[in-house]
Amino acid sequence: MRDYYDIAIIGGGMVGASMAVALSDTSMRVLLLDSSVCSPAPLPEDYDIRVSAISVASKYYFQSLGIWSGLQDFRVSPYQQMHIWEKQSGSAIHFDGAQIGEDVLGYIIENRAIQYYLLEKARRSGNIDFFDSLSIESCAVRDDRVKLTLTDDSRITCGLLVGADGNRSKVRSLAGIDTKGWKYDQSALVATVGTELPHDDTAWQCFLPDGPLAFLPLADNMCSIVWSAKHHQAQELAGLPEDIFERQLAEAFDFRLGSIKLCSERGVFPLQLQYARQYVKQGVALIGDAAHSIHPLAGQGVNLGLLDSASLVDVILEGARQGKPIGSVALLRRYERWRKGDNLGVMFLMDAFKRMFTTEPGPLKSARNAGIELVNSINPIKDMIMKGASGLRGELPTMIRDGKLAE
Ligand SMILES: Cc1cc2nc3c(=O)[nH]c(=O)nc-3n(C[C@H](O)[C@H](O)[C@H](O)COP(=O)(O)OP(=O)(O)OC[C@H]3O[C@@H](n4cnc5c(N)ncnc54)[C@H](O)[C@@H]3O)c2cc1C
């Protein structure tokens, strides 16, 4: 252990680990610390029940970070199309990548595979130290230095403290940064299933009265499901005997993929919308779910976090090249200006979708159904939505631009 690091990243999840890899082999001395583990655990054959729909922009970032070919050799499921419908009315929208000249709209990848390849890559770098099973107890900012006390009472100093420690971020609370938002009345039930009919490399989403039910395509004609429902319903579904659960799932999904076989345990995650009022303070920056957490209905959470990570790396490296202190709030505000507006825009758009699709019957619902049909018939609007979801919007961070150029 050193007693000084340029950057201490707290949280080695997908977002924190991506930032460590982005800083590997630079002149920065980096610490990656996690209260759980930040060592790559061997990947089991079974599918992880936690998967992410990864945008094209995130794929470019993974290419620049040098983990894309490893992920592909393991398993990545591209999807070309997305089909969304409302159960009661049958109103539907269909997105096809070919319409915007893309052969894929995104990729379904297991979270633990992303984390494995990131951590494995980070471990091969000479400038990163790792602490497992540790957290921070306190931090004090003095001029250009942040003094940290860790939970084992050891002390270190860093130039910049990065909070990548998820939606209950300790870094955020130690820095005195408030959050706003609300808890949804929904939890998401996730599991891996086999389907009778082929998924056709399509991401499927059916809006039920109590929340969306997504079938995300995996290899071997398996799907990962994300079923958002009222908290008690999600808990009840998780506790049903397998055969009854399978039947209810197939029925809820209008039997679009025929009968269904449950192939994993079921996990339940409460959902919320939360955002930090500030992303930066002197000596501190927040990235990923520590800065924002959103409803998973459009699969954007980790994609936004990866954009944060790539943008913050750009800002820090540019600041360092100009000889500026990397924890200076004036420098860090560039990162905040770059990312906060975009993240808030996506968050509130997803929130509006969630509200729109859980509207009670009545005039608003009829207007919504007409709106869905209208959007489906106007190609320029669909193109705009697909381009927005690809993450390739606004000013792109260097590593995402480089990954795109390298294609
Ligand atoms: C059901 C569901 C489906 C989703 N699907 C998608 C999707 O398809 N696409 C998508 O883009 N997003 C999706 N998301 C969102 C995505 O999972 C999150 O945005 C993403 O996991 C956030 O990553 P992170 O690294 O910021 O935080 P986390 O994954 O929460 O990682 C935080 C890390 O910090 C560590 N940590 C926590 N506290 C401390 C502490 N005090 N000290 C040290 N370490 C600490 C933890 O151990 C962990 O390793 C989904 C979310 C849910 C709930």
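In this report, the structure presented in the accompanying data block is examined. Counting restarts for each chain: residues are numbered from 1 in the order of the written sequence. In keeping with the model being predicted, local features are shown solely for residues with a pLDDT of at least 70 and side-chain atom pairs are shown and tallied solely at 80 or more, while totals for entire chains, interfaces and linings include all residues. Hydrogens and water molecules were not included; the side-chain quantities draw on all heavy atoms of the structure.

### A word on the pattern of salt bridges
Between side chains of opposite charge, a pair can form when the charged atoms approach closely.
Then step 1. The working definition used for a salt bridge is a side-chain nitrogen of Lys or Arg within 4 Å of a carboxyl oxygen of Asp or Glu. The full count for this structure, using the stated rule, is 12 salt bridges.
Then step 2. For Glu246, the salt bridge goes to Lys261, with nearest N and O atoms at 3.4 Å. You can see Glu246 sitting in helix 7 (residues 242-252) and its partner Lys261 sitting in strand 16 (residues 260-262), a full 15 residues away along the chain.
Then step 3. Whether a residue is buried, partly exposed or exposed follows from its accessible area with a 1.4 Å probe, protein chains only, as a fraction of its type maximum: under 20%, in between, or over 50%, in that order. Using a relative accessible area of 11% as the deciding quantity, one classes Glu246 as buried. Each helix is a run of DSSP H or I of at least 4 residues and each strand a run of E of at least 2, with the numbering of both proceeding from the N terminus.

### Some points on helix 4 (residues 111-123)
Then step 1. Any helix carries an expected span of 1.5 Å times its number of residues minus one. The end-to-end C-alpha distance of helix 4 is 18 Å, a good match for the 18 Å that 13 residues give at a rise of 1.5 Å each.
Then step 2. Here helix 4 has its buried residues at Asn111, Ala113, Ile114, Tyr117, Leu118, Leu119 and Ala122.

### A closer look at the side chain of Ser187
Then step 1. Tracing the chain through its elements places Ser187 in strand 12 (residues 179-195).
Then step 2. Within the local environment of Ser187, its side chain forms a polar contact with the side chain of His231, the two groups lying 2.7 Å apart.
Then step 3. In this analysis, two residues are considered to be in contact whenever any of their non-hydrogen atoms come within 4.5 Å of each other. Once you skip the residues sitting within four places of it in the chain, Ser187 turns out to touch Trp227, Ser228, Ala229, Lys230, His231, Ala234, Val268, Phe269, Pro270 and Leu271. Pairs of N or O atoms are called polar contacts if they sit within 3.5 Å, as long as, within protein, a hydrogen donor faces a hydrogen acceptor (for residues adjacent in sequence, only side-chain-to-side-chain pairs).

### Examining the sheet that holds strand 4 (residues 77-79)
Then step 1. Any two strands are treated as partners once DSSP identifies two or more bridges connecting them. If you trace the 3 strands from one edge of the open sheet to the other, you get 3-7-4, paired in antiparallel fashion. Looking along the sheet, the strands with just one partner apiece sit at the ends: strand 3 (51-54) and strand 4. On average, each strand axis in the sheet is tilted by 25° relative to the strand beside it, whichever way the strands run.
Then step 2. Together, strand 3 and strand 7 (106-110) form the strand contacts of helix 4, whose direction differs from that of strand 7 by roughly 80°. Axis lines are fitted through C-alpha atoms, for helices just across the contact stretch, and the angle between N-to-C directions can take any value from 0 to 180 degrees.

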